Amino acid sequence: GPDGARLFDQPLPYRGGLQRLFQRAESASYFGREIGLMYMHAHLRYAQALAHAGDAAGFFDALARANPIGLRDLVPSAALRSSNTYTSSSDAAFADRYEASAEYARVRAGTVALEAGWRVYSSGAGILYGLVVRHLFGLRLEAQTLVIDPVMPAALDGTCLRTTLLQRELQITYRVASPGCGVVGLELDGRPLGFEEERQPYRRGGARVPLAVLRRDPEAGSPQQLVVRVGA
């Protein structure tokens, strides 16, 4: 407001003298991270929204763009980067903000390299892992319930996952048809498994299964076999 404008018209004290301009970190010459092109945290939340809405193909594509392995097949202008580390962003390789402002059309044209941001970056990798477990494979463990709500494209039909549940091995096979979301059937060790459908405002929801029905004899040798049927 007006008071704030008048405040910043005045010299502001700082250690070593006075400054006349209020400076923020993003006013530095470096052009990257949140503003360089793709900030990974925001991108992953976008991917999560796609999964919530049931856009299986878009969700999987967004996950693939967060994965450095094979990235140049999806984004040809991506610069070479480590394939075994998570990065915080994908940044157009401009020298400074002035060059970025004048030549930003080169980003869309694909004539400027896209470099990786910070490597081995704290919480972001956990967000990505959570999206894979809870939304791609659709496994969400509650106190008394296993929620099964995968969102995956039909091209991944037949995907198998081997995991541990209730200290027992469980092998899950996904039978996926378009649209790639909404559980339509479950089978446990070859027998139909009943479930309660989870309410979802935008699409058909997943399955809620009481953990009690998944418990088995601790002496059983082979893993339980769970088949998850998704889509139409």
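Asker: I'm lost on the overall build of the protein chain in this one. Help?
Answerer: Regarding its fold elements, the protein chain presents seven helices and 14 strands. Looking at the protein chain residue by residue over its 232 residues, the buried ones come to 39%. Taking as baseline every contact in the protein chain between residues at least 6 positions apart, the subset at least 24 positions apart corresponds to 62%. Only carbon and sulfur atoms are counted for the fraction: they give 54% of the accessible area of the protein chain, which is about 13700 Å².

Asker: How do you make sense of the environment of isoleucine 35 when you look at a structure like this?
Answerer: Positionally, isoleucine 35 belongs in the loop between strand E2 (17-19) and strand E3 (37-39). For isoleucine 35, a relative accessible area of 38% corresponds to the partly exposed category. Each C-alpha atom, one on isoleucine 35 and one on aspartate 91, is 7.9 Å from the other, the two residues being 56 residues apart in sequence.

Asker: Sorry, what's going on with the sheet that holds strand E9 (residues 168-176) here?
Answerer: Strand pairing in a sheet is mediated by backbone hydrogen bonds. Such pairs are either parallel or antiparallel. The five strands are arranged E8-E9-E14-E10-E11 in an open sheet whose pairing can be described as mixed. On the outer flanks of this sheet lie strand E8 (160-165) and strand E11 (191-192), each paired with one strand and no other. For E9 and strand E14 (residues 224-230), the ladder comprises seven bridges, and the chain directions are parallel. Note that in E14 the partner of valine 176 across the bridge is valine 230.

Asker: Help me understand the sheet that holds strand E5 (residues 114-116), please; the structure alone is not making it clear to me.
Answerer: On the basis of which strands lie adjacent, the open sheet formed by three strands has the order E3-E4-E5 and antiparallel pairing. Since the sheet does not close on itself, it has two edges, and those belong to E3 and E5, each with one partner. Strand-to-strand twist of the sheet, defined as the mean angle between neighbouring strand axes without regard to direction, takes the value 30°. Where E3 and strand E4 (residues 89-92) come together, three bridges link them in antiparallel fashion. Counted as the bridge partner of methionine 38 is serine 90 from E4. On the sheet, helix H2 (residues 40-53) packs against E3 and E4 and is oriented at approximately 80° with respect to E3.

Asker: So what exactly am I meant to see when it comes to the nonpolar core here?
Answerer: The nonpolar side chains of a soluble globular protein tend to be buried, and buried together. In this structure, Tyr174 and Val228 are the most contacted members of the largest nonpolar core, which totals 40 residues. With five residues, the top contributor of residues to this core is H2. For valine 228, the residues in contact, after removing those within four places along its chain, are Ile148, Pro150, Ile172, Thr173, Tyr174, Arg175, Val183, Gly185 and Leu186. Of all hydrophobic cores here, the second largest spans 10 residues; its members include Phe31, Leu71, Ala92 and Ala100.

Asker: Can you help me understand the side chain of histidine 135 in this one?
Answerer: Structurally, histidine 135 can be placed in helix H7 (residues 122-136). What makes histidine 135 buried here is its relative accessible area of 18%. Excluding anything up to four places from it in sequence, histidine 135 contacts Gln48, Ala51, Phe59, Gly130, Asp149, Pro150 and Val151.

Asker: How do you make sense of the environment of alanine 64 when you look at a structure like this?
Answerer: Note on placement: alanine 64 falls in helix H3 (residues 56-65). Apart from the residues lying within four places of it in its own chain, the contact partners of alanine 64 are Leu71 and Leu74.

What counts and how
Residues numbered from 1 in each chain as written. Predicted model: local features only at pLDDT ≥ 70, side-chain atom pairs only at ≥ 80, totals over all residues. Heavy atoms only, no water. Helix = DSSP H or I, 4+ residues; strand = E, 2+ residues; numbered from the N terminus. Buried < 20%, exposed > 50% of the residue type's maximum accessible area, 1.4 Å probe, protein only. Contact = heavy atoms within 4.5 Å. Areas by Shrake-Rupley, 256 points an atom, 1.4 Å probe, with all protein chains shown as cover. Pairing = 2+ DSSP bridges. Axes fitted to C-alpha atoms, helices over the stretch in contact; angles between N-to-C directions. Core = buried A, V, L, I, M, F, W, Y, C linked by side-chain atoms within 4.5 Å.

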